[in-house]
Amino acid sequence: MNSRHEALGSKLDGETWCDMRVPWSYATDPNDEVVAVRTCAGLYDVSALNIVRVTGPDAVATLNGLVAIDVSTIAPGTARLGAEVNENGALVDDIMIICDGPDEYRVTHGSGATPEHLKKVSAGKNVSVEWDRDTHVLSLQGPASLKTLNPHTPMALETLPFFNHAKTTLFGKDVIIGRCGYSGERGYEVYCSSADAGEMWDSILAAGKEFGVVPASWTSLDLIRVESTLLFFPYDMPEGDTTPWEVNMGWGIDEDKQADYIGKQAVLSLRGRERVKQAGIVCDTDDAVEPGTRIFKDGKDVGVVTSSSFSRYLMKSLAMVHLLPDCTGLGTQVTLGGEPGICTGTVVRTPFYDPMRLRVEE
């Protein structure tokens, strides 16, 4: 895929992610790419995601020891995000468990502790744990994603529910298509072989050209995920020992799960003991406030900015933040950056964009 990204203006330099160079920018304006994703669709190369195949008689037992959700409840053809924590109950990675069939799973994860945790929980079990170095992941996000892909696959994409996936063909190539993404929009992730990735990228863009589909950079992906208030490890866990409860991630823990997992006792005991809470602030400035900026209320340090952007689509300066729990009430007025500070801000309902999260279900 490097030649495609370079042709679009990416230098593939700067910060890597998961030891892979990624297209942080193209020659196009990332704000224009955001508008395309919100109104048409944008195509992202998210192949830097780590994919691990976990198979065998002890696959469920292995994965149940890894995450706080009950893996045995994930039906074939579906997937779930879950909390992965350490022995102290702190979040250590972004992770999704994908069930392809009985005793057959794929794990996608970010840049955290999953490799060492998988090694620990698989020890002595009848299970195969193999990192997939061949699969590429192309993510088409936006309202035009369905009509772009649907004519070119034999499956009825319009019937595929959110967080479901199926094996099929696309443009005559063997793929897995999953309905998910990182944009807050309806979208699909296409898992294909490395040999087919370049041609698949070209074919999707060609098919979507009449609908306004464009290649989209990782900078626009970051802008979009802040608008949709989607967490990114470790940037939105700056304390280093952030718990799921502190980032409103209780949905990633099955509290009635019987199986033991790394950090189970610790994370369950930490519920109700949140030191901070994830919230959102609209800032009174025409620029993005730097992550790490301290937040004050009545002269008291009450929190920190974790992720931010100036959304040209919403025409607002947005900040994902951690605040003391008693400062998260809607309408709370704060100052960012000390006194008199960089600017003032107001705690608002999140996500900033599509607060009912309806667009991913459209």
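Please refer to the structure higher up on the page.
Right, let's get into the sheet that holds strand β5 (residues 104-109). Reading across from one edge, β3-β4-β5-β2-β6 is the order of the 5 strands in this open sheet, with antiparallel pairing throughout. The sheet is open, and its two edges are formed by β3 (79-81) and β6 (128-131), each paired on a single side. Strand after strand, the sheet turns through a mean of 20° between neighbouring axes, direction not considered. Running over the sheet, helix α4 (residues 114-122) touches β2 (50-55), β4 (95-101), β5 and β6 and is turned about 165° from β6.

Bringing the side chain of Asp45 into the picture now. Structurally, Asp45 is set in strand β1 (residues 42-45). There is no salt bridge for the buried Asp45, and the closest opposite charge comes from Arg4, which lies 9.5 Å off by N-O distance. Only 2.6 Å separates the side chain of Asp45 from the side chain of Ser47, close enough to count as a polar contact. Residues in contact with Asp45, not counting those within four places in the same chain, are Met1, His5, Val137, Leu138, Trp201 and Trp218.

Let's shift gears to the packing of helix α2 (residues 30-39) against helix α7 (residues 218-227). Direction vectors running N to C along α2 and α7 enclose 55°, while the axes themselves pass 8 Å from each other. With respect to α7, the element α2 is oriented oblique. The way α2 lies across α7 gives a crossing that is right-handed. Along its contact with α2, which presents Pro30, Asn31, Glu33, Val34, Val37 and Arg38, the element α7 presents Thr219, Ser220, Leu223, Ile224 and Glu227.

As a further point, take the nonpolar core. Counting residues in each nonpolar core, the largest one holds 24 residues, and the members touching the most others are Leu149, Leu157, Ile177, Val190, Met200 and Ile204. Among the elements of the structure, β7 (135-141), α5 (145-149), β9 (173-178), β10 (187-193) and α6 (194-208) are those that each provide at least two residues to this core. Beyond its immediate sequence surroundings of up to four residues, Leu157 is in contact with Leu146, Leu149, Asn150, Ile177, Arg186 and Tyr188. Core analysis: the second largest hydrophobic core is formed by 21 residues, Trp17, Ile51, Ile224 and Phe232 among them.

On to the sheet that holds β7, then. In any sheet, the strands associate via hydrogen bonds between backbone groups, in a parallel or an antiparallel arrangement. Strand order in this open sheet of 6 strands is β8-β9-β10-β7-β1-β11, and the pairing throughout is mixed. The sheet is open, and its two edges are formed by β8 (165-170) and β11 (214-215), each paired on a single side. Both β1 and β7 contribute to a ladder of 4 bridges, which runs antiparallel. Of the residues in β7, the one forming a bridge with Tyr44 is Ser139.

Counted according to the given criterion, the structure contains 18 salt bridges. The residue Asp29 makes a salt bridge to Arg312 at a minimum N-O spacing of 3.3 Å. One end of the pair, Asp29, is in the loop between α1 (2-7) and α2; the other, Arg312, is in the loop between β14 (300-311) and β15 (316-323), with 283 residues separating them in the sequence. Overall, the relative accessible area of 26% leaves Asp29 in the partly exposed class. For Arg106, the salt bridge identified is with Asp100, shortest N-O distance 2.7 Å. For Arg106, a relative accessible area of 2% translates into the label buried. The network of salt bridges with common partners includes Arg38, Glu185, Glu227 and Arg359.

Attention shifts here to the environment of Pro244. In this fold, Pro244 is placed in the loop between α7 and α8 (264-269). A relative accessible area of 0% places Pro244 in the buried class. Separated by 110 residues in the primary sequence, Pro244 and Asp134 have C-alpha atoms spaced 32 Å apart. If sequence neighbours within four positions are ignored, Pro244 has contacts with Ala83, Val85, Gly89, Leu91, Met249, Gly250, Ile253 and Val267.

Throughout the structure, instances matching the rule amount to 7 aromatic pairs. Measuring from ring centre to ring centre gives 5.5 Å for Trp24 and Trp218, while their planes differ by 75°; the resulting arrangement is edge-to-face. Pair noted here: Trp24 is in the loop between α1 and α2 and Trp218 is in helix α7, with a separation of 194 residues, a long-range link. Residue class for Trp24 comes out partly exposed when judged on its relative accessible area of 25%.

The subject of this paragraph is α4. For α4, the set of buried residues is Thr114, His117, Leu118, Val121 and Ser122. For α4, the angular spread of buried residues about the axis comes to 120°, placing them on one side. In α4, the exposed positions angled more than 90 degrees off the buried face are occupied by Glu116, Lys119 and Lys120. In this structure, the buried residues of α4 make contact with β2, α3 (59-64), β4, β5 and β6.

Criteria and cut-off values
- Residues numbered from 1 in each chain as written.
- Predicted model: local features only at pLDDT ≥ 70, side-chain atom pairs only at ≥ 80, totals over all residues.
- Heavy atoms only, no water.
- Pairing = 2+ DSSP bridges.
- Helix = DSSP H or I, 4+ residues; strand = E, 2+ residues; numbered from the N terminus.
- Axes fitted to C-alpha atoms, helices over the stretch in contact; angles between N-to-C directions.
- Contact = heavy atoms within 4.5 Å.
- Buried < 20%, exposed > 50% of the residue type's maximum accessible area, 1.4 Å probe, protein only.
- Lys, Arg positive; Asp, Glu negative; His and termini not counted.
- Salt bridge = Lys/Arg side-chain N within 4 Å of Asp/Glu carboxyl O.
- Polar contact = N/O pair within 3.5 Å; in protein donor to acceptor, adjacent residues only side chain to side chain.
- Parallel < 35°, antiparallel > 145°, perpendicular 65-115°, else oblique.
- Left-handed = near helix turned anticlockwise from the far one by under 90°.
- Core = buried A, V, L, I, M, F, W, Y, C linked by side-chain atoms within 4.5 Å.
- Phe/Tyr/Trp six-rings, centres within 6.5 Å; stacked < 30°, edge-to-face > 60°.
- Arc of directions from axis to C-beta.

Note that every value here comes from positions in space, so none of it alone points to a role or purpose.
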